[in-house]
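Each chain is listed here by its residues.
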Amino acid sequence: MDEKFDLVVIGGGPGGYVAAARALQLGLKTAVIEEREMGGTCLNRGCIPTKALLHSAEVYQTVKSCDAYGISAENAAFDYSKIAARRDKVVKQLRSGVEMLVKGRKGVIYSGKAYLKDKNTIEVTGEKPCVLHADKIIIATGSMPSIPPIPGIDGEKVLDSDAVLAMATCPESIVIIGGGVIGVEFASLYTALGKQVTILEMMENILPGTDTEISGLLRKSLEKKGIKIFTGARVTGIENGAKGVCAFEYQGKKLTVEGDIVIAAIGRKPNSKGLGLENLGIETDRGFIRTDDHMETPIKGVYAIGDVTGRVLLAHAASAQGLVAAANAAGQEKKISGAVPGCIYTSPEIATVGLSEADAVKGGHSVKIGRFAVSMNGKSKIAGETEGLAKIVTDEKTGEILGAHIMAPRATDMIAELCTAMKLESTIEELADVIHPHPTVSEIIMEAANDALGQCVNKPE
Ligand code: FAD
Ligand code: NAD
C-alpha cells in the first residue's frame, strides 16, 4: 500500500529518531523506516550497552577496593551472565522509550529496509513491503564496523564490537586490534573485571587525534592496571585455533600474542551501499554522504545526518544534525554549528572539546595552556580518585578558549561547561571568574582557567 508523508526518515538511530521527533513537533507528517531496532547503533550496539557494562565493572571495582574507605565486603565477585542481562534490560527499556517518542507524537515506524527509487519515493522491503512518498527525505543510516584485510580476521576467534556486545560470557584474555575509542573502552572493561588485555595499535599513540598529553596519561594509567600496549604495531595475521593468535611486527621484531578472543576495533564504515543513492545522483566519498551545513545533500529536499555523513561519528553529533535537518525540512533556516565534545569512558574518564594543543599551534595561534592536576582537588581526594588533569588551550592574545581536554572522574559530565563557554564565546578570564561549587571535581576547570592566566592560587608556584 502506498502512503504519503511530508518527511520520511531512513534509520531510527540517535540521528533519525531525534530528527523525526523534532519534525513531528514542527507539524510534519513523518515516518521512520528502520530495518533493525529503533535506537540504532548507539542504543543497541554502542553507547548504551558499553556504558552499562562499564558501570557494572566500576561497581565491582568499588566493592573490591572498599577496604580503603573503611568498608568491608569480602569475596567480591561477579556473574557476567547477570551483568549481560542487566545490559540487555537497560537497552530494552530505553528502546521502548525511543519508539514512544515517535509513535506518541503520531509518527509512523515502518520495519524494513529502505531503498530510494527517486527523491520523493522510497521502497520498503521486509515483512510488509510498501512504497512511501515523501516531500522531504532524511538519510540517517549510520555506520557498521570496518574490518581490514588481515589474513585470518574472518575467523571465529575475531569479534567486532557488535559481537562483543552480544556476549553473555566473559573471556579470560583479550587481544584488541585498534587503540582507538572502542579499543580503550573494551580494554577498561575487561581489565576492571580482572582479565588480561593486550592492545595492538598501528599508530604511534593510542587514541590518535586526541591531545597527546592526555592520551599519554591514559596510556600510563592503562599500563599501570596491567594492560599491555604495543603502539606502532602492524598486525600481519591471525590464527584461529583454541585461542586467537595475532602475529604482529613491532620495532623490527616479529611477535605473537594470544587471547580467548581478538577484538577488531579499527574504525567504522558508512551504511550507504544498496540504498539507491545512484537513482538520485548522490555521489559518495568512500561511502560517506557529503552535505552542506544545512545537512542537505546536493539534491534539494534530501538531507543526510549522523555517521553516514562521516562528519563526526558520535551520537550527540547525529542528534544535533537531526535537529538541523528536521528544522530545514520544515521550512526553517538552520545551520550546524558549535564544537562537538568527545567523551571516552575509561577510568578515569576523558572528555575533550575543540583544538588539541598541537592543532592550535599548527593553526597559528600563540597558545597559552592552563593545567590543573586532579590530585590537587579536594573532592577527588575524598573519592580516592586522584589520577588525571584538566588542560585548557587558549589564545594568549585574545583570551579565546580554543579547546579543553580533561582526564578526571566524571570528566564526561563536566565537559559541557567548556562547550557552553566556547559556544558563548567566553574568554578565559570569564571562565576563571565563574564561581564553582566546593568541593566538586568541576573546580579543576576554574583552576586550569586561572592557571592559563598565571593566577591559580591553589597551585604551588
Ligand atoms: P546509527 O545509530 O548507526 O543508526 C542508523 C540506523 O539506520 C540503524 O538502526 C540501522 O539499522 C538503520 N538502517 C541502515 N540502513 C537502513 C536502511 N536501508 N533501511 C532502514 N534502516 C536502515 N557515540 C557517543 O556519542 N557516545 C558513546 O559513548 C558511544 N559509544 C559507542 C560504542 C560503540 C561500541 C560503538 C560502535 C559506537 C559508539 N558511539 C558512541 C557512536 C554512536 O553509536 C554513533 O555515532 C551513533 O549511533 C550514530 O547515529 P546514527 O543515527 O547516525 O546511526
Ligand atoms: P577509532 O577510529 O576511534 O579507532 C580505530 C583505531 O584503530 C585507530 O587508533 C587506528 O589507528 C587503529 N587501527 C586501524 N587499523 C589498524 C590495524 N590494521 N592495526 C592496528 N590498529 C589499527 O575507531 P573505533 O575505536 O573503531 O570507534 C569507531 C567510532 O565509534 C569512533 O570514531 C567514535 O566516533 C565512535 N565511538 C565513540 C565512543 C564514545 O564516544 N565514547 C565509544 C566507542 C566508539
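The structure contained in this document is the topic of the report that follows. (Residues numbered from 1 in each chain as written. Chains lettered and ligands numbered in written order. Predicted model: local features only at pLDDT ≥ 70, side-chain atom pairs only at ≥ 80, totals over all residues. Heavy atoms only, no water.)

Turning our attention to the sheet that holds strand β23 (residues 389–395). Spatially, the five strands line up as an open sheet ordered β20-β21-β24-β23-β22, and their pairing is antiparallel. Looking at the sheet topology across the chains shown, the edges are occupied by β20 (342–344) and β22 (367–373). When the angles between neighbouring strand axes are averaged without regard to direction, this sheet yields 10°. Bridging between β22 and β23 involves seven bridges; their strand directions are antiparallel. When the sheet's bridge partners are listed, Phe-372 is paired in β23 with Ala-390. Running at roughly 5° to strand β24 (residues 401–408), helix α7 (residues 212–224) makes contact with β21 (349–354), β22, β23 and β24 of the sheet. In this fold helix α14 (residues 443–452) packs onto β22, β23 and β24, with an angle of close to 140° to the strand it touches most, β22. (Pairing = 2+ DSSP bridges. Helix = DSSP H or I, 4+ residues; strand = E, 2+ residues; numbered from the N terminus. Axes fitted to C-alpha atoms, helices over the stretch in contact; angles between N-to-C directions. Contact = heavy atoms within 4.5 Å.)

Before going further, it helps to spend a moment on the packing of aromatic side chains. Evaluation of the coordinates by the stated rule reveals four aromatic pairs. Between the aromatic rings of Tyr-60 and Phe-78, the centroid separation amounts to 5.0 Å while the plane-to-plane angle is 80°, which identifies the pairing as edge-to-face. One end of the pair, Tyr-60, is in helix α3 (residues 47–64); the other, Phe-78, is in the loop between α3 and α4 (80–103), with 18 residues separating them in the sequence. By relative accessible area, which is 13% here, Tyr-60 ends up buried. By way of ring pairs, the aromatic residues Phe-230, Phe-248 and Tyr-250 are connected into one cluster. Above the face of the Phe-5 ring, Lys-29 is positioned so that its terminal group lies 4.9 Å from the ring centre. (Phe/Tyr/Trp six-rings, centres within 6.5 Å; stacked < 30°, edge-to-face > 60°. Buried < 20%, exposed > 50% of the residue type's maximum accessible area, 1.4 Å probe, protein only. Lys NZ or Arg CZ within 6 Å of the ring centre and 35° of its normal.)

Turning to the site of ligand 2, a few remarks are in order. Neighbouring ligand 2 are 22 residues, the closest being Glu-185, Glu-201, Gly-267, Leu-313 and Cys-343. The side chain of Glu-185 places a nitrogen or oxygen atom 2.7 Å from a nitrogen atom of ligand 2. Residue Glu-201 places a side-chain N or O atom 2.6 Å away from an oxygen atom belonging to ligand 2. Relative to its unbound accessible area of 840 Å², ligand 2 is 79% covered by the protein chains. At three residues, helix α6 (residues 181–192) tops the list of elements feeding residues into the shell around ligand 2. Composition of the shell around ligand 2 by domain shows at least three residues from each of domain 1 (2–145 + 269–329) and domain 2 (158–266). (Near = heavy atom within 4 Å. Polar contact = N/O pair within 3.5 Å; in protein donor to acceptor, adjacent residues only side chain to side chain. Areas by Shrake-Rupley, 256 points an atom, 1.4 Å probe, with all protein chains shown as cover. Domains from an automatic or database assignment.)

Time to look at the pattern of salt bridges. Tallied over the entire structure, the rule returns 24 salt bridges. Between Glu-185 and Lys-51 there is a salt bridge; the shortest N-O distance is 2.8 Å. Residue Glu-185 is located in helix α6, and its partner Lys-51 is located in helix α3; the two are separated by 134 residues in the primary sequence. Given a relative accessible area of 23%, Lys-51 falls into the partly exposed group. Linking Glu-213 and Arg-371 is a salt bridge whose minimum nitrogen-to-oxygen distance equals 2.8 Å. Of this pair, Glu-213 sits in helix α7 while Arg-371 sits in strand β22, and the two are 158 residues apart along the sequence. Note on Glu-213: relative accessible area 26%, which makes it partly exposed. For Arg-371, a relative accessible area of 28% gives the class partly exposed. By sharing partners, the salt bridges in this structure join Asp-211, Glu-213, Glu-357, Arg-371 and Lys-391 into a single network. (Salt bridge = Lys/Arg side-chain N within 4 Å of Asp/Glu carboxyl O.)

This next bit is on unusual backbone geometry. Cis geometry is found at the peptide bond from Ser-347 to Pro-348, where omega equals 0°. Relative to the helices and strands, Pro-348 is located in the loop between β20 and β21. With omega at -5°, the peptide bond leading from His-438 into Pro-439 counts as cis. Along the polypeptide, Pro-439 turns up in the loop between α13 (428–433) and α14. One non-glycine residue, Asn-75, lies in positive phi territory at about 55°. Tracing the sequence through the fold places Asn-75 in the loop between α3 and α4.

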